[in-house]
Amino acid sequence: MRDGFIKVAAGTPKIRVADCRYNAEQIFTLMRQAADQGVRVLCLPELCLTGYTCGDLFLQDTLLDGAEEALATILDATKNLDMVTALGLPLRWGGKLYNCAAVIHKGEVQCFIPKSYLPNYGEFSENRWFTQWELNGFHSVLFRGEYVPITDRHLFDFEAIPGLVLGVEVCEDLWSPTPPSILMARSGATLILNLSASSETVGKAERRRRLVAEQSARLLCGYLYASAGEGESTTDLVFGGHDLIAEDGTILAERRFTTGLAVSEIDVNRLLYARRRMSTFHGAEEAERYPILTLDMEPSTTTLTRHISPSPFVPEDETLRAERCEEILKIAALGLKQRLEHTHAKAAVIGLSGGLDSTLAILTTTVAMKLLSRPATDIIAVTMPAFGTTDRTRDNAVELATRLGCTLRRIDISESVKQHFRDIGQPMDRHDVTFENGQARERTQVLMDVANQCGGLVVGTGDLSELALGWATYNGDHMSMYGVNAGIPKTMVRHLVNYVCGDKAEEEPELSAVLADILDTPVSPELLPAVNGQITQKTEDLVGPYELHDFFLYYAVRWGFSPRKILRLAEQAFSRKYDRATLLKWERNFYQRFFSQQFKRSCLPDGPKVGSLSLSPRGDWHMPSDAVAALWLEQLEGLE
């Protein structure tokens, strides 16, 4: 289980009702198929050894004996499989019959777990045959000459796989007001298995899907759901074999209307990190009620098959992405609206460069002004050309401000910067950091003074990705009176501008056209002289591709992953675009810059958090400015 991944499966075998021998053959065949794919934990359906739809046959010893014999056959056939499997069967105990999950490993039954809640409605009147488990403590049942625990309060962990703790519930348990999995998770379970037999009716699959996803999100766990399928009686119902694998609210794999396996990987380390950030997964009382049995499982390297998005901040589904863009614009605009209202600012002052960040800032400010029922002329867009400004960016800035109806001011800072350089003895032909930062600080001074003149507020344009890399001039573009883009990564900035571009295409084609050209312009601070009117300073050539830095940022800060694990995920996500050496180069650059530039983030202006990650020193990210990156960089050096 390298990097915390464990391969799991939810499966539905083809069965015959009451034909236990046939069912056993199908089950251990499916178990071997799972083992061949590297699966270490497998969940199979409720009562799959007999079939869920046996009806009054459940009361006959012939069927019950057949189920126990079938389980013994499976144990003998799979004793060399180092895989935990939960499968369903009816079990006699204490003169009663229980709907149970048998948890098996290496040819032995580790525990029988009876169903806690029996449905008693419509087609699901299980209490006609089964008894609801209401006993406390541990009990045992004699099976194959040995006593096996029978209890609904048991978890399983693995010494060789830290953090993996299994809990099992059966079908209706999940649909109840207080599912057993709640206490299991509070006792440490990170992976819940649900053996189910849920029939197919219109709309029911989506409800199951939501229920499984929401339970995995609520409990910060992995969740395997395996439901009965082909071979069950169709006298009154159809069973479609709905198999689901979820992790923290996300469906990782799904199969329906077919037999076989849904396979994916659960990231246990990710779940543990999420729980460490919360205070709800603890309590000695729950731990006492759910003791843990340690199973001996050999560790192995898990081959990743789950999808790793190369853009974790940006939804891949087009419809969802559009909804996310609309939501982010509203959140950011509401934050700015409140700040303008609270400060009684007479204007919002924005340095408009013709680049993506300032474009998004002025678009958001336009929305905020509409929320305040104020005219766009209360937005003062200031263009400040200097030595690196190109005609393209200057003209786009002017056109954008004009199309939005803002008040436009053009203030050429070239002469004031030259005077400043003469004052400090900076040669004009020395294009070093002083040459660049002198212009950035002059621009910020101009914006602050313009805001003072009109009683306004300077709206910052720097985004989350730039803050992570420290790609901002300290007390230059690093500073503002409200950083409206502070919680938005560069990859999302582009999609937000593109969203507005498409939204305005029919009603305001001129505005859409200028936004399209801004999207097509290389990202640049334009602080070095242009050559033949073309941009010479391209940000991504200097600090690396923003799509990579946003990927590194998401997993390093949001999930606390190690550099080694992030590299592994990056290789999976960007396999067709970047080789390992390139990924290592820019990941090393990310960590070097992220640690060394914390001092800039330690004194950031206010700005709205819009997503799952923020670098505000008052909010999500508390880090000393003198923290050393040695441990992180050493790990990367070992991967070269």
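Rules and cut-offs
Residues numbered from 1 in each chain as written. Predicted model: local features only at pLDDT ≥ 70, side-chain atom pairs only at ≥ 80, totals over all residues. Heavy atoms only, no water. Salt bridge = Lys/Arg side-chain N within 4 Å of Asp/Glu carboxyl O. Helix = DSSP H or I, 4+ residues; strand = E, 2+ residues; numbered from the N terminus. Buried < 20%, exposed > 50% of the residue type's maximum accessible area, 1.4 Å probe, protein only. Pairing = 2+ DSSP bridges. Contact = heavy atoms within 4.5 Å. Axes fitted to C-alpha atoms, helices over the stretch in contact; angles between N-to-C directions. Core = buried A, V, L, I, M, F, W, Y, C linked by side-chain atoms within 4.5 Å. Polar contact = N/O pair within 3.5 Å; in protein donor to acceptor, adjacent residues only side chain to side chain. Patch = residues over 30% accessible without salt bridge, like charges linked within 9 Å, V, L, I, M, F, W, Y side chains within 5 Å. Areas by Shrake-Rupley, 256 points an atom, 1.4 Å probe, with all protein chains shown as cover. Lys, Arg positive; Asp, Glu negative; His and termini not counted. Charge placed at Lys NZ, Arg CZ, Asp CG, Glu CD. Arc of directions from axis to C-beta. Phe/Tyr/Trp six-rings, centres within 6.5 Å; stacked < 30°, edge-to-face > 60°. Lys NZ or Arg CZ within 6 Å of the ring centre and 35° of its normal.

**Student:** What should I look at first to understand the pattern of salt bridges in this one?
**Tutor:** Proximity of charged atoms lets side chains of opposite charge pair with each other. Inspection of every chain in the model, using the stated rule, returns 42 salt bridges. When the shortest N-O distance is used, the salt bridge between Glu326 and Lys330 registers 3.9 Å. Remark: Lys330 and Glu326 occur in helix α8 (residues 318-343); sequence separation between them is 4 residues, near one turn of the helix. For Glu326, a relative accessible area of 30% translates into the label partly exposed. Several salt bridges share partner residues, and in doing so they unite Arg40, Asp82, Lys106 and Asp296 into one network.

**Student:** Explanation requested: the sheet that holds strand β22 (residues 482-483) in the structure shown.
**Tutor:** Within a sheet, adjacent strands bond to each other through the backbone by hydrogen bonds, running parallel or antiparallel. Across the sheet, 5 strands lie side by side as β20-β19-β18-β21-β22; this open sheet has parallel pairing. Two strands close off the open sheet at either side, each with one partner strand: β20 (407-410) and β22. Two elements, strand β18 (residues 348-351) and strand β19 (residues 379-383), share 4 bridges in a ladder whose sense is parallel. Of the residues in β19, the one forming a bridge with Ile350 is Ala381. Contacting β18, β21 (457-460) and β22, α8 runs over the sheet at an angle of about 165° to β21.

**Student:** Would you explain unusual backbone geometry in this entry?
**Tutor:** Excluding glycine, a negative phi dihedral is what most residues carry, and trans is how most peptide bonds are arranged. One non-glycine residue, Ala18, lies in positive phi territory at about 75°. Looking at where Ala18 falls in the secondary structure, it is placed in the loop between β1 (5-12) and α1 (20-36). Its identity is not glycine, yet Ser373 carries a phi of approximately 55°, on the positive side. Positionally, Ser373 belongs in the loop between α9 (356-371) and β19.

**Student:** Just to check I follow, could you spell out the nonpolar core for this structure?
**Tutor:** For soluble globular proteins, the rule of thumb is that nonpolar side chains tend to be buried together. Grouped together as the largest cluster of nonpolar side chains are 93 residues, with contacts concentrated most on Ile362, Leu400, Phe551, Leu553, Tyr555, Phe594 and Leu615. With 9 residues, the single largest contributor to this core is helix α17 (residues 546-558). Ignoring any residue separated from it by four or fewer positions in sequence, one finds Ile362 in contact with Ile350, Leu352, Ile379, Ala381, Leu400, Leu404 and Cys406. Counting residues in each nonpolar core, the second largest holds 50 residues, with Trp93, Leu97, Tyr98 and Val109 among its members.

**Student:** Could you clarify how one ought to interpret the side chain of Thr521 in this entry?
**Tutor:** For Thr521, the location among the structural elements is in the loop between α15 (509-519) and α16 (539-543). Taking relative accessible area as the criterion, Thr521 reaches 6% and is therefore assigned buried. Polar contacts involving the side chain of Thr521 include one to the side chain of Arg392, which spans 3.3 Å. A distance of 2.8 Å separates a polar side-chain atom of Thr521 from the backbone oxygen of Asp517.

**Student:** Teacher, can you tell me more about a negative patch on the surface here?
**Tutor:** Negative charge collects at one region of the surface, where Asp317, Glu318, Glu323 and Glu327 lie side by side. Along the polypeptide, Glu327 turns up in helix α8.

**Student:** What am I meant to see in helix α11 (residues 414-424) here?
**Tutor:** Among the residues of α11, Ser414, Val417 and Phe421 are the ones counted as buried. Buried residues in α11, looked at end-on, bunch into an arc of 70°, giving them a common side. Structural note: α11 exposes Glu415, Arg422 and Asp423 on the side pointing more than 90 degrees away from its buried face. Phi turns positive, to about 75°, at Gly425, one or two residues after α11.

**Student:** Could you clarify how one ought to interpret the packing of aromatic side chains in this entry?
**Tutor:** Enumeration over the complete set of coordinates arrives at 23 aromatic pairs. Centre to centre, the rings of Phe590 and Tyr591 are 5.4 Å apart; their planes meet at 80°, and the pair counts as edge-to-face. Taking relative accessible area as the criterion, Phe590 reaches 1% and is therefore assigned buried. Across from the ring centre of Trp559, 3.7 Å away, lies the NZ or CZ of Arg270, which sits over that ring.

**Student:** Would you take a moment to explain the environment of Ala472 for this structure?
**Tutor:** On the secondary structure map, Ala472 appears in the loop between α13 (464-469) and β22. A residue is classified by how much of its surface remains accessible, and Ala472, at 16% relative accessible area, is buried. Sequence-wise, Ala472 and Ala440 are 32 residues apart; in three dimensions their C-alpha atoms are separated by 8.8 Å. Those residues in contact with Ala472, other than ones at most four positions away along the chain, are Asp477, His478 and Lys600.

**Student:** I keep staring at the sheet that holds strand β17 (residues 292-295) and nothing clicks. Help me out?
**Tutor:** The strand order across the open sheet formed by 7 strands is β15-β14-β13-β12-β11-β10-β17, and the pairing between neighbours is mixed. Single-partner strands in this sheet number two, and they are β15 (250-255) and β17. Pairwise comparison of adjacent strand axes, ignoring direction, gives a mean angle of 20° for this sheet. Pairing of strand β14 (residues 243-247) with β15 involves 5 bridges; the strand directions are antiparallel. Bridge pairing in β15 links Glu247 to Thr250.

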